[in-house]
Amino acid sequence: MVALSIGHATYDIMVPLENYPIENGKYYLKEKIDSSGGGASNVAFLLAKWNVETYFSGVVGYDDFGSFIKKDMEASGIKTSFLETSYDKKTSTSFILINGTNHTRTIFNIESEEFHLKKYEYDIHPDIVYMDGYEYSASTTAMNKYREAITVLDASSATKELIALARDAKYIIGSIEFAEGIAGMKIDFNNPVTLLTVYKRVKDRFPNNEIIITLKGYGALYHLNGEIKQMPPLNVVEIDRTGVGDIFRGAFLYAMGSKYDLETSIRLANITASLSTTKMGVKDSIPTLSEVIQNYESRFGKLQVIVAEPIPQTETPIQNSEPKEEPQEVQQPSQENQIFQTMAISPDEIKAASEGVSNQNPITPALEPPTNPTIPNQMQAAALMQLQNQTMNIPINQNISQPMPPQPPKNILK
């Protein structure tokens, strides 16, 4: 398998702290972690660690940080023939403060001036192409040239450039911010219907793409067999979430390139990302492929290759010019269907859901239960647990502002 990762490279300085610093204080630090960073760079490190022939395409400045990144990539097996050096610029840097008490992070990105690739005439034949959205022209060139490759876009926000790239990428892995920007409404984790509404509006905007929405500590939303589903995160003791989204996307790209089906690929990505949060840093926190497979098989049985159905190819050339701004219509969620009023769930299923019991796939609840006093508590718990256990059986073409027809009981703890 050959991979091309296009986008940002930064020099990261990570500082672990016992608590977040108080203004006007003085602190003596015992350690810091220097590392290569940036979305496309992190994906390249994962793919190279998993023995994929990986090329990185991006630009660094003419300084010690740029030299460090180049040497770091080459030492990790990443091919840097498409890595440019801008001789009149400084390499982008990031200072990352890690709060040891609650394991949150605060990131300061330092980039005095944006600078981009000047050359992107690729002479390789990649099977998989990753784009973090930073290099617009290089990304459109790659998608035009490699129509048969699996292309994955990191849609971090709803900018005009990312919206333009998203139309042509085969797989869109969008952040909450991207999804909310496209949908024109906020996600409320106490109201599962907002998750469905946001996803459906994003899917309506990009009907020809496979869309995955990462929900930070709440797993991921995706569409399969006409239904919207949610996959919860693993129950692990988190230490540092820096780069967890990049690691998710890199593992997903690897799995799709290895011919696994969509749901298996998301499971593998989910496991990889969760395991990475148990260690400090990004590159050093990437688990080995054998660790991920062992964890997968302990939960779901033998890992088997089921070839995913191909996504139809784009016929018209992808535009390499500056994308045009599109007007965004801000919409409000309907108040007519604020809960799953038509769920047919047995008492045993409600009990199992409330206790989070599953012989095959134990899951710790990731969402707080809704507080709407008009809904019976058992229905709240059942609706929420159905959301958490990837059995949100809502047809993608269902108008969710209207009551759904009754459905037969089903095992909500697959």
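Residues numbered from 1 in each chain as written. Predicted model: local features only at pLDDT ≥ 70, side-chain atom pairs only at ≥ 80, totals over all residues. Heavy atoms only, no water.

**Points about unusual backbone geometry**
Right, so step 1: Unlike most non-glycine residues, Asn225 shows phi in positive territory, near 55°.
Right, so step 2: Of note, Asn225 is situated in the loop between strand 12 (220–224) and strand 13 (227–231).
Right, so step 3: Taking relative accessible area as the criterion, Asn225 reaches 72% and is therefore assigned exposed.
Right, so step 4: Backbone geometry places Lys259, a non-glycine residue, at a positive phi of 75°.
Right, so step 5: Within the secondary structure, Lys259 is located in the loop between helix 7 (244–257) and helix 8 (262–276). (Helix = DSSP H or I, 4+ residues; strand = E, 2+ residues; numbered from the N terminus. Buried < 20%, exposed > 50% of the residue type's maximum accessible area, 1.4 Å probe, protein only.)

**What to know about the pattern of salt bridges**
Right, so step 1: Tallied over the entire structure, the rule returns eleven salt bridges.
Right, so step 2: A salt bridge links Lys32 to Asp34, with the nearest nitrogen and oxygen atoms 2.5 Å apart.
Right, so step 3: The salt bridge involving Arg249 is made with Asp154; its shortest N-O contact spans 3.5 Å. Of this pair, Arg249 sits in helix 7 while Asp154 sits in strand 9 (residues 150–155), and the two are 95 residues apart along the sequence. In this structure, Arg249 and Asp154 share a single accessibility class: buried.
Right, so step 4: Connected through salt bridges with shared partners, the residues Asp154, Asp246 and Arg249 form a single ionic network. (Salt bridge = Lys/Arg side-chain N within 4 Å of Asp/Glu carboxyl O.)

**Some details on the confidence of the model for the protein**
Right, so step 1: This prediction gives the protein a mean pLDDT of 77; 73% of its residues lie at or above 70.
Right, so step 2: Per-element mean pLDDT across the protein ranges from 35 in helix 10 (residues 347–355) up to 97 in strand 1 (residues 2–6).
Right, so step 3: This model gives residues 325–394 a pLDDT under 50, and the stretch forms 136 contacts once residues within four places in sequence are excluded.
Right, so step 4: In this model, residues 398–414 is a region of pLDDT below 50 whose contacts with residues beyond four sequence positions or in other chains number 44 contacts. (pLDDT = per-residue confidence, 0-100. Contact = heavy atoms within 4.5 Å.)

**As for the nonpolar core**
Right, so step 1: Counting residues in each nonpolar core, the largest one holds 56 residues, and the members touching the most others are Leu47, Ile212 and Phe252.
Right, so step 2: No other element matches helix 7, which puts nine residues into this core.
Right, so step 3: If we ignore the near neighbours within four places in the chain, the residues touching Phe252 are Val152, Tyr171, Ile173, Ile212, Leu262, Ser265, Ile266 and Ala269.
Right, so step 4: Core analysis: the second largest hydrophobic core is formed by 46 residues, Tyr122, Val129, Met143 and Leu153 among them. (Core = buried A, V, L, I, M, F, W, Y, C linked by side-chain atoms within 4.5 Å.)

**So, the pairing of strand 9**
Right, so step 1: Along strand 9, six of the six residues are buried, which leaves the element largely enclosed by surrounding structure.
Right, so step 2: Burial along strand 9 is two-sided: Ile150, Val152 and Asp154 and Thr151, Leu153 and Ala155, pointing in opposite directions, are all buried.
Right, so step 3: Where strand 8 (residues 128–131) meets strand 9, four bridges bridge the pair, whose relative direction is parallel. Across the sheet, the residue bridging to Val129 is Thr151, located in strand 9.
Right, so step 4: Read from strand 8 through helix 3 (residues 136–145) to strand 9, the crossover connection turns out right-handed.
Right, so step 5: Relative to strand 10 (residues 171–174), strand 9 runs parallel, the two sharing four bridges. From the neighbouring strand, Ala155 faces strand 10, where its bridge partner is Gly174. (Pairing = 2+ DSSP bridges. Right-handed = clockwise from strand over helix to strand, strands pointing away.)

**A closer look at the sheet that holds strand 7 (residues 105–110)**
Right, so step 1: The sheet built from four strands is open, its strands ordered 3-2-6-7 with mixed pairing. Each end of this open sheet is capped by a strand with a single partner; those strands are strand 3 (33–37) and strand 7. Going across the sheet, the axis of each strand differs from the next one's by a mean of 25°, ignoring polarity.
Right, so step 2: In this sheet, strand 6 (residues 93–99) lies alongside strand 2 (residues 10–17) in parallel orientation, the contact comprising seven bridges. Residue Ile13 lies in a different strand from strand 6, and its bridge partner there is Phe95.
Right, so step 3: Most of the contacts of helix 2 (residues 64–75) go to strand 3, to which it runs at about 75°, and overall it touches strand 2, strand 3 and strand 6. (Axes fitted to C-alpha atoms, helices over the stretch in contact; angles between N-to-C directions.)

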